[in-house]
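Coordinate inspection notes
Listed below are the residues making up each chain.
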Amino acid sequence: MQPALDMPVSAEPILNNDESLTRQSSFIRLKRWQWWLLVALNIFFLLAGQAAAVLLGRFYYDEGGKSKWMATFVQTAAFPILLIPLFLLPSSKEPSTNAPPSITILASIYIALGVVIAGDNMLYSIGLLYLTATTYSLVCATQLAFNAVFSFYINSQKFTALILNSVVILSLSAALVAISDDSEGPSGVSKGKYAIGFICTLAASSLYSLLLSLMQLSFQKVIKKETFTVVLEMQIYTSIVATCASLVGLFASGEWKTIHGEMDEFSKGRISYVMTLVWTAVAWQVCSVGVVGLIFLVSSLFSNVISTVSLAVVPIASVMVFHDSMNGGKIIAMLMAFWGFASYTYQNYLDDHKAIKAQIGSGDNGNDSSHC
């Protein structure tokens, strides 16, 4: 599983800023209550889409699915759904003062990122194969820690005490899941395969965080703008490349030959097999619509925060749906993950508040100078 590709944190005003709310509401010609309704709808898309996709991915393996490349393929295969918001929602009309990059450069960026996304999705697929949905989601929460580290080195983001606290706590949370005596994978999974699943999920979370930083670097240094349309186009084009790369892997590995047998052996039947894959693909793109919608309506910070919150929804849903065990180690790890998440979020709130004050201050200075 690959979490939806939300952009790294930016210093934009977030939800509770009246000035930002008024600007965004007028921009898309919506009343205040309509704007809030759209925000709530996109939050639902993100939370429900990601939780459903992870649970359906686990269901695919539990009921007899074996193809890791197929599980990888469905994570991006429904990318045409993203064309709906691209055509329906208005984009920014602000003129750009920078010359647009050449098609060759853009194509190179999209292809490189798309191939890496396909590899990242494969790692997530292996992790979900050997881990329960609960353990898998707890390990995925470490992406915030990796994001902080990569943002420091690649995007020159500052490393404060709160961010350091978040990194340490999330790292300890993952370590607690790894060394817990009663940690276990799905039925029939050996300790060795459990270790492989854990390592692959941890590596996938790290690679995903690196992707976010590289995408942010692309926006800053090459594309030089981050509008709704540009963000959505990058998601669509990289998904196309990732889908093609997954298809190549599916045929090159020979797993395509086993698909017919999988359908016959799927315990819920052939129709259920197809519908599981279809709705997994749809769920991931519904999640993506929510991610990009929140970037457009609020900010990339808010979208990133809600995306991380969804990782806490999955363990609870997994306990209810699959009756996964929630032993003491996992409960403590989840509480530690919430602690690390809260530290990370509070630091971003402080940065956001500081950015808003700086904007207000610069606006006042501009007004003063205009009266001289």
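Refer to the preceding data block for the structure.
Residues numbered from 1 in each chain as written. Predicted model: local features only at pLDDT ≥ 70, side-chain atom pairs only at ≥ 80, totals over all residues. Heavy atoms only, no water.

Below, the discussion takes up the overall build of the protein chain. Per the secondary structure count, the protein chain includes 14 helices and 0 strands. Mapped in sequence order, the helices and strands of the protein chain form the string α-α-α-α-α-α-α-α-α-α-α-α-α-α. When each of the 372 residues of the protein chain is scored for burial, the buried share is 52%. Expressed as a percentage of contacts within the protein chain between residues at least 6 apart in sequence, the contacts between residues at least 24 apart total 85%. When the accessible surface of the protein chain is split by element, carbon and sulfur atoms take 69% of a total near 16900 Å². (Helix = DSSP H or I, 4+ residues; strand = E, 2+ residues; numbered from the N terminus. Buried < 20%, exposed > 50% of the residue type's maximum accessible area, 1.4 Å probe, protein only. Contact = heavy atoms within 4.5 Å. Areas by Shrake-Rupley, 256 points an atom, 1.4 Å probe, with all protein chains shown as cover.)

Next up on the list: the packing of aromatic side chains. Counted under the stated rule, the structure contains 9 aromatic pairs. A ring pair is formed by Y124 and Y136, whose centres lie 6.3 Å apart and whose planes are at 75°; its orientation type is edge-to-face. Of the two residues, Y124 is situated in helix α5 (residues 103–130) and Y136 in helix α6 (residues 133–140); the sequence distance between them amounts to 12 residues. In this structure Y136 comes out as buried when scored by relative accessible area, which is 0%. Seen in terms of ring centroids, F251 and W256 are 5.6 Å apart; in terms of plane orientation they differ by 35°. Their pairing is tilted. Look at W256 and you get partly exposed, because its relative accessible area is 40%. Three or more aromatic residues link up through ring pairs in this structure, and these residues are F59, Y60, Y61, F266 and Y273. (Phe/Tyr/Trp six-rings, centres within 6.5 Å; stacked < 30°, edge-to-face > 60°.)

The biggest cluster of nonpolar side chains holds 61 residues, and the ones touching the most others in it are V54, Y60, M70, Y136, V177 and Y273. Top contributing element to this core by residue count: helix α12 (residues 270–297), with 12 residues. M215, I223, V230 and M234 belong to the second-largest nonpolar core, a separate cluster that totals 13 residues. (Core = buried A, V, L, I, M, F, W, Y, C linked by side-chain atoms within 4.5 Å.)

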